Structures are given as C-alpha cells and as structure tokens.
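Below, each chain spelled out in residue letters.
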Amino acid sequence: MTVKTVKRAFKYRFYPTPEQAGELARTFGCVRLVYNMALQARAEAWTLRQERVNYNATSVLLTGWKKTEELAFLNDVSSVPLQQALRHLQVAFTNFFAKRAKYPTFKSKKKSRRSAEYTTSAFRSRDGRLTLAKMTAPLHIVWSRPLPDGASPSTVTVSQDAAGRWFVSLLCDDVIHATPAVNAAIGIDAGLDSLLTVSTGEKITNPKHERRDRVALARAQRNLATKEKGSANRAKARVKVARVHARITDRRWDHLHKLTTRLVRENQTIVIEDLTVRNMIRNHRLARAISDAAWRQFRTMLEYKADWHGRNLITIDRWFPSSKLCSACGALAEKMPLTVRNWTCRCGTTHDRDVNAAINIKAEGLSVSACGGGVRPQRTNARTRQSPVKQETRGATQGFPRL
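Residue positions are given per chain, counting from 1 as you read along its sequence in written order. The predicted origin of the model limits local features to residues at a pLDDT of at least 70 and limits the giving and counting of side-chain atom pairs to 80 or more, whereas totals for whole chains, interfaces and linings rest on all residues. The side-chain quantities take in all heavy atoms of the structure and omit both hydrogens and water.

Things to note about the overall build of the protein chain
Move 1: Along the protein chain, the regular secondary structure elements total eleven helices and 15 strands.
Move 2: Its C-alpha atoms give the protein chain principal-axis dimensions of about 80 × 55 × 50 Å.
Move 3: Think of it in three bands: residues with accessible area under 20% of the maximum for their type are buried, residues over 50% are exposed, and the middle band is partly exposed, with areas taken using a 1.4 Å probe on protein chains only. Looking at the protein chain as a whole, 44% of its 403 residues are labelled buried.
Move 4: The long-range share in the protein chain, meaning contacts at least 24 apart out of those at least 6 apart in sequence, stands at 73%.
Move 5: Using the Shrake-Rupley algorithm and a 1.4 Å probe, accessible areas are obtained, with residue cover drawn only from the displayed protein chains. Counting every atom, the protein chain has about 22400 Å² of accessible surface; 52% of that belongs to carbon and sulfur.
Move 6: Charge-centre separation for the protein chain: the mean point of 70 positive side chains lies 3 Å from the mean point of 33 negative side chains. Each helix is a run of H or I in the DSSP string that is no shorter than four residues. Each strand is a run of E no shorter than two, and both are numbered from the N terminus. Note on contacts: a residue pair is in contact if any heavy atoms of the two residues lie within 4.5 Å. His residues and chain termini do not enter the charge count, which takes Lys and Arg as positive and Asp and Glu as negative. A charged residue contributes its charge at one atom only: NZ of Lys, CZ of Arg, CG of Asp or CD of Glu.

Topic: the UniProt feature "domain: Transposase putative helix-turn-helix" (unreviewed entry) in the protein chain
Move 1: Those residues carrying the UniProt feature "domain: Transposase putative helix-turn-helix" (unreviewed entry) are residues 6–49 in this numbering.
Move 2: Between the first and last C-alpha atoms of residues 6–49 the distance is 43 Å; the span itself is 73% helix and 20% strand. UniProt positions are given in the numbering used here, feature names are shortened, and annotations may be inferred rather than shown by experiment.

Details of the UniProt feature "domain: Cas12f1-like TNB" (unreviewed entry) in the protein chain
Move 1: UniProt's feature table lists "domain: Cas12f1-like TNB" (unreviewed entry) at residues 295–361, given in the numbering used throughout.
Move 2: As annotated, residues 295–361 comprises 34% helix and 16% strand, and the C-alpha atoms at either end are separated by 16 Å.

Examining the pattern of salt bridges
Move 1: Any Lys or Arg side-chain nitrogen found within 4 Å of a carboxyl oxygen on Asp or Glu counts as a salt bridge. Under the counting rule described, the total for this entry stands at 20 salt bridges.
Move 2: The salt bridge partner of R165 is D161, with a shortest N-O separation of 2.8 Å.
Move 3: Overall, the relative accessible area of 23% leaves D161 in the partly exposed class.
Move 4: R251 is the salt-bridge partner of D213, the closest N and O atoms lying 3.0 Å from each other. In this pair, D213 sits in the loop between α4 (209–212) and α5 (214–225) while R251 sits in helix α6 (residues 232–266), placing the two residues 38 residues apart along the sequence.
Move 5: Residue class for R251 comes out partly exposed when judged on its relative accessible area of 22%.
Move 6: Salt bridges sharing partners connect three or more residues here, namely D274, R299, E303 and R318.

Quick notes on the layout of surface pockets
Move 1: Definitions used for this entry: grid spacing 1 Å over protein atoms alone; cavity, a set of points where a 1.4 Å probe fits but cannot get out; pocket, an open set with protein on both sides within 12 Å along at least 5 of 7 lines; lining residue, one with an atom within 4 Å of a point. Grid points are joined across faces, edges and corners, and a volume is the space filled by probe spheres set on the points. Of the volumes computed, that of the largest pocket is approximately 2000 Å³.
Move 2: Every residue lining the largest pocket is counted, 48 residues in all, and those nearest its centre are K11, R165, F167, T249 and D250.
Move 3: In the scheme used here, Gly and all other residues not listed as nonpolar or charged are polar, with Ala, Val, Leu, Ile, Met, Phe, Trp, Tyr, Cys and Pro taken as nonpolar and Asp, Glu, Lys and Arg as charged. Split into classes, the residues belonging to the lining of the largest pocket amount to 15 nonpolar, 13 polar and 20 charged.

Topic: empty space enclosed by the protein
Move 1: What the rule picks out here adds up to two cavities of 30 Å³ or more.
Move 2: Considered as a void within the structure, the largest cavity measures approximately 150 Å³ in volume.
Move 3: I188, D189, A190, I272, E273, L275, V277, W295, R296, F298 and R299 together form the lining of the largest cavity.
Move 4: Of all the secondary-structure elements, those providing two or more residues to the lining of the largest cavity are β8 (185–190), β11 (269–273) and α9 (295–308).
Move 5: A total of four residues in the lining of the largest cavity trace back to one element, the largest contributor, which is α9.
Move 6: Its residues assigned to classes, the lining of the largest cavity comprises seven nonpolar, no polar and four charged.
Move 7: The computed volume of the second largest cavity comes to approximately 40 Å³.
Move 8: Around the second largest cavity, the lining residues are L195, N206, P207, H209, R252, H255, L256, D292 and A293.
Move 9: Residue assignment for the lining of the second largest cavity shows that the elements contributing at least two residues are α6 and α8 (287–293).
Move 10: For the lining of the second largest cavity, the leading source of residues is α6, giving three residues.
Move 11: Tallied by class, residues from the lining of the second largest cavity come to four nonpolar, three polar and two charged.

Brief notes about the pairing of strand β12 (residues 312–316)
Move 1: Burial of β12 is extensive: four of the five residues sit out of reach of the surface.
Move 2: Of the strand pairs in this sheet, β11 and β12 are connected by five bridges, and their pairing is parallel. Looking at the pairing, I272 lines up with T315 of β12. We call two strands paired when DSSP finds no fewer than two bridges between them.

Quick look at the environment of P146
Move 1: Within the secondary structure, P146 sits in the loop between β5 (141–142) and β6 (155–160).
Move 2: On the basis of relative accessibility, which here comes to 70%, the residue P146 falls in the exposed class.
Move 3: Linking P146 and F10, residues 136 residues apart in sequence, is a C-alpha distance of 9.0 Å.
Move 4: If we skip the residues at most four places from it in the chain, P146 touches F10 and Y12.

Considering the nonpolar core
Move 1: To form a nonpolar core, buried Ala, Val, Leu, Ile, Met, Phe, Trp, Tyr and Cys residues must be joined to one another through side-chain atoms within 4.5 Å. Counting residues in each nonpolar core, the largest one holds 39 residues, and the members touching the most others are L24, L132, V158 and V168.
Move 2: Within the residue set of this core, elements represented by two or more residues are β1 (3–14), α1 (18–49), α2 (55–66), α3 (79–97), β2 (114–119), β4 (129–132), β6 and β7 (166–177).
Move 3: Excluding anything up to four places from it in sequence, L24 contacts F14, Y118, L132, M135, V158 and W166.
Move 4: Membership of the second largest hydrophobic core comes to 26 residues, among which are L195, V264, M280 and F298.

What about the sheet that holds β5?
Backbone hydrogen bonds are what pair the strands of a sheet, in a parallel or an antiparallel way.
Move 1: Spatially, five strands are ordered β2-β6-β7-β1-β5 in an open sheet, and the strand pairing comes out antiparallel. At either margin of the open sheet sits one strand with a lone partner, and together these are β2 and β5.
Move 2: Helix axes are fitted to C-alpha atoms over the stretch in contact, other axes to C-alpha atoms as well, and angles between N-to-C directions run from 0 to 180 degrees. Relative to the sheet, α1 contacts β1, β2, β6 and β7, its axis offset from that of β2 by approximately 95°.

Set out below in structure tokens:
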C-alpha cells in the first residue's frame, strides 16, 4: 500500500481564560496593525521612490517601530506572530507579482479574520498541553480527535470567528495510507435540485443548509437592524447573526467532507466540469442557491483528496454540451431550456437530463485522457475541440454554463 506524508492542519475548539482571551485579543490587534503598517510602507516606497521593499526590510522597520513611544505596546505581545504577519505579507506580494492574486489590501478591524500564527519557538506542546508565548497556563483545548502518532506541530494558529468561538489549528506531518486501487470511473454533474448526479444514476440530495435556517437568520438580522450602532446590544445581536451563519457553514462542510471522501474511496477516476462559480453567481436569481451548494469547496476537497489517495480527477471544458448531447446516439439537441428535466431523442431514447449529462461528462473525460490528455493524480484539464457547438452553448446560456 502506498504511503504519503503530507502537511495537514488539525483544528480544535478551545476555551480561554479571561486573561488568555485578553492576551490573544491584544495579539490580534498588534498583528493587524503591523501588517497594515508594513503594507503602507511598501506601497509608499514604490509610489515615491520606485523601490521594492522585501520581508527583511519590513523586519528592520518593525524593530524601529517597537523603539518608538507610540508603538512601544508592540513589545507587550509575542514577537513571533508579528514576524509571521510580515511573512504573510511577503507571500501576498509574491502571489500578486506572479498574477495568482490581487494586490494585497489592508486588514479591517471588523471584517478581517482575527488570527495569530506561532512557530515552534513561541509555543510548548507536551502531553496534550499547549502553552503559548506570554502565557503561564496551557490552553483548555477540546481534543475532538487525536493528533497523528509522534506528530509535533510546526506551527500553531489561534483564531476567533465572528460568532466568538475560539479555535487552534496545529500544522503537523501526517501519513496518508492510499486507498487500494479500484476499477471504477464516474462522471459527476453538479446541480441545484440534486446537489450531484452521478453517471451510475445515483442522485445526491441537495441539503440546502441555508434554506433550513433562513427563518432564524432573517429573525436575527431583523433584530440586529433595530439596534443602535455602536451599542452593546448591537454587538450581542451581531454575534447571534454570526452564530446562525456558523451553524450553516459547519453543516455544509461536514456534508461535503463525508461526500467527497466516499466518492474518492469508491472510484479510481472522477470526471467533473470546470464550472466558473464566480461568473455563475452573477445570475442574481440563482446566486443564493449556487452559493449554498458550495460547488467550489466541493471541487477543492475532491482535488486534494484525490491527490492523497492516488485517484485521477479529470476536469472537462465548461462549454461541453453535456445536457444537449444524447448519450445513446450522440445527437445534439438544438435547445435545452433549464425547465426541461426529461427529454426524448430522435433515436427514441428517453433521458433524465442530469443523468444523461453525467454519462456524457464521464465519456468525454475518459476519451480525452485516452487520447493523451495527460491524466494527473490531482487534476487534468480536458479541453474540447473548438466547434460551433461551443459557440451555440455560450449564446443559449447568455454567458452562464448549464446548471
């Protein structure tokens, strides 16, 4: 059996004491301030002097800031999270110059994630007890699952979400035992009525997590809207709204993790469509449902789990007419509105729209890979040939791929 070592984060809930919560809150504020000041310094250096400032230069600036009277409070927190903030900024600029991300933006006190990262020199982990720098007592962590045997965390990230919950994430080396190879391949068609339709005919129900809590969310949001800005009652109401959102998110991620794990373990080859969710949610009538379905998260989970277990994940072109193509004879229907869920081809075969699309997706992915499409364990782009069909599909959907 193939064994693979990967970096894996193990996230746990913890409950800090009032002293620990205060120390972490100060650390979060200092991390945000240092990040913003370093970003401002780098932007001004380029604008005024056409000078590029790297991590080493911002580290020197941080040392100078700590010596000033206005910023002397930076010495009250651990220096490691502040240095890590500068490293994160360097990574953000590296991704920007490589055209993998947008230009870095300033961190907001209200909207940005509250977190701090500690390296091995700033924490002590022993016998299930984790103590951070500047703290005398260990964190009260709920160990919901064990760490890998003999694992020693390389970094520890402490965060607090909008609902007020505290989390600690430990990055460790983990050994993944690849699942034995199986002789099975499937095509997957993503949808809204059914979350996924598999080429085997299986339809996976869309849980619609957001819709289940829509009434509770609306009630909490109405209550928030009546509170005076800046008041303590508004802060309490905001936390109640955040708790509803957190409950929805937790259920969604739990369902996707279980689903993707099952699909990867049961199939050797998985074929999906290259859907651009960012463009699809511009359709305001479907944006809420598409966001709740979380197709982007589903694909991300499939990618790294397929890589872990040695599976083939093939991605076909988003404009491939999977719904309009007859999987029996290959005939292409002229029109296929979203309201049509079952249709009969001129060859006499009656199709379920979603099952037919999943079968065509599987066939297209396997045919391209068999012709030298270059299947990789993580992801393969299988581009269809340029043809009038692609142009017709684009026009029929007015810029949005088939749902």
